[in-house]
Amino acid sequence: MLARAAAIVWQAPCVRAVHTASVQRARYDSILDTIGSTPVVRINNIAPKDVTVYAKCEFMNPLSSVKDRLALGVIEWAEKKGLLKPGDTVVEATSGNTGIATAMVCAAKGYGCVITMAESFSVERRRVMRMLGAQVVLTPAPAKGSGMVAKAEELAAEHGFFYLNQFVVQANPDTHEKTTGAEILADFEGQQLDYFVTGYGTGGTFQGVSKAIKSSRPEVKVVLSEPENAALVSSGVPQKRKEVLGVYGAAAESHPAFTPHPIQGWTPDFIPAILESGLGLENEVVQVTGPEAIAMSQKLAAHEGIFTGVSGGATMATALKVAETAPQGSVLLAMLPDTAERYLSTPLFESILPEMNDAENALFNSTPLFKE
């Protein structure tokens, strides 16, 4: 799987099928074969004029997030290791995107799927997972991310489910090193790239892509971003850990630097083992606020036509902060992890009203049709 990523070679910027003289056909044996090979898109209207900014659009994956890669990569690793067999059930704790991706992979492969998720995350995420055939077990919001993880661990131990363990399993960043990182290197082969900007949820994208980039392009600076009010890495406070199901690395308790933030999918209330083992690959850690993330997500939609979630807004806001002090002519790449449609019931859409506003009413009344 992830076969599309394996054969990529860089070529001059091209147009997709609707802009070509002939139809480009693509036929696949499974939806899983469409994961990866997401486009890198230039930011044309909101970036500073003296730098070039690109976005890696992970919402172009089949279930609209970067986590499609993680779910497929870890499940196929488990199959090869003999840890996951036909008829088994997969359980995972998630803010939503990993759960949706896991439900998709399980549906395609015929596994059962159980997801634990804090009740504070958006309602549309649980409905999507249930439509994909997963069972969704909600945990109390005050228990935070560590609570949903503890519930997944408990269910795995009690029922013999395969625990995906996205925050600890090395197959997570390994998948990103082999696919996401390889794609970026191919897309910028022979081309300038000065900064790679990403946030973190598990730390899988950060560690895997950074390893790939640093091994081939050590001059590229890696910028890691985190919420200003949940600056766990910046705090310097180590995370206490424990062994779960025979594997050491799970968080033993909530991190003291954590406070709730609106960037769903980023920065749980603990430092994931995957993130911690990748620290040192970054050249800089930059903090971003929730309001900055939301505003940038809305700006990308309104001025670039790029429909990404709050985490994508946070990453792009960070990239534009870096661009302010970057040398003239710099080239930056920001990860956009998911789609804005995952956030319809969240603060991202609070200012987006379903009713017509004054300007729209005036436009309606400017012609006679349907007027009373």
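The coordinates are above.
From a predicted model like this one, the values you see are computed outputs, not experimental measurements. (Residues numbered from 1 in each chain as written. Predicted model: local features only at pLDDT ≥ 70, side-chain atom pairs only at ≥ 80, totals over all residues. Heavy atoms only, no water.)

Colleague: I'd love a proper account of the sheet that holds strand β6 (residues 162-163), names of residues and values included.
Modeller: What the four strands build is an open sheet, ordered β5-β4-β3-β6; its pairing is parallel. At either end of the open sheet lies a strand with only one pairing partner, and these are β5 (135-139) and β6. Relative to strand β4 (residues 112-118), strand β3 (residues 89-93) is paired through five bridges, and the arrangement is parallel. Pairing of E92 across the sheet is with I115, part of β4. Where helix α5 (residues 144-159) meets the sheet, its contacts fall on β3, β4, β5 and β6, and the angle it forms with β4 comes to roughly 150°. (Pairing = 2+ DSSP bridges. Helix = DSSP H or I, 4+ residues; strand = E, 2+ residues; numbered from the N terminus. Contact = heavy atoms within 4.5 Å. Axes fitted to C-alpha atoms, helices over the stretch in contact; angles between N-to-C directions.)

Colleague: Describe in detail a nonpolar patch on the surface, supporting the description with residues and values.
Modeller: Residues M356, F364, L369 and F370 make up a contiguous nonpolar surface patch of about 450 Å² in total accessible area. The class of M356 is partly exposed, set by a relative accessible area of 45%. (Patch = residues over 30% accessible without salt bridge, like charges linked within 9 Å, V, L, I, M, F, W, Y side chains within 5 Å. Areas by Shrake-Rupley, 256 points an atom, 1.4 Å probe, with all protein chains shown as cover. Salt bridge = Lys/Arg side-chain N within 4 Å of Asp/Glu carboxyl O. Buried < 20%, exposed > 50% of the residue type's maximum accessible area, 1.4 Å probe, protein only.)

Colleague: Explain the pairing of strand β9 (residues 241-244) to me, using residue names and the numbers behind them.
Modeller: In this sheet, strand β10 (residues 247-251) lies alongside β9 in antiparallel orientation, the contact comprising four bridges. Looking across to β10, one finds that K242 is bridged to A250. Between β9 and β10, which follow one another and run antiparallel, lie two residues, and L245 among them has a positive phi close to 50°.

Colleague: Can you explain the side chain of T116? Please cite residues and give values.
Modeller: Summarising the element assignment, T116 is placed in strand β4. Residue T116 is classed as buried on the basis of its relative accessible area, which comes to 0%. Residues within four places of T116 in sequence aside, it is in contact with E92, A93, T94, V137, M148, K151, A152 and L155.

Colleague: Describe the sheet that holds strand β7 (residues 195-198), and please don't skip the residues or the numbers.
Modeller: Spatial ordering of the open sheet is given by β1-β2-β12-β7-β8-β11, a layout of six strands whose pairing is mixed. Both outer strands of the open sheet, β1 (40-42) and β11 (284-288), are each paired with one neighbouring strand and no more. Between one strand and the next, the sheet's axes are offset by a mean angle of 25°, whatever the strand orientation. Pairing between β7 and strand β8 (residues 221-227): four bridges, direction parallel. Bridging across to β8, Y195 finds its partner in K221. Strand contacts of helix α7 (residues 180-187): β1, β2 (52-57), β7 and β12 (331-336), with the helix running at about 145° to β2, the strand carrying the most contacts.

Colleague: Which residues make up the packing of aromatic side chains, and what are the values?
Modeller: The geometry of an aromatic ring pair comes down to the distance between the two centres and the angle between the two planes. A full pass over the atoms with the stated rule returns three aromatic pairs. Seen in terms of ring centroids, Y54 and F188 are 5.5 Å apart; in terms of plane orientation they differ by 80°. Their pairing is edge-to-face. With Y54 in strand β2 and F188 in the loop between α7 and β7, this residue pair connects regions lying 134 residues apart in the sequence. A relative accessible area of 5% places F188 in the buried class. Ring geometry for F307 against F349: centres 6.3 Å apart, planes inclined by 75°, an arrangement best described as edge-to-face. (Phe/Tyr/Trp six-rings, centres within 6.5 Å; stacked < 30°, edge-to-face > 60°.)

Shape descriptors only; they carry no functional weight alone.
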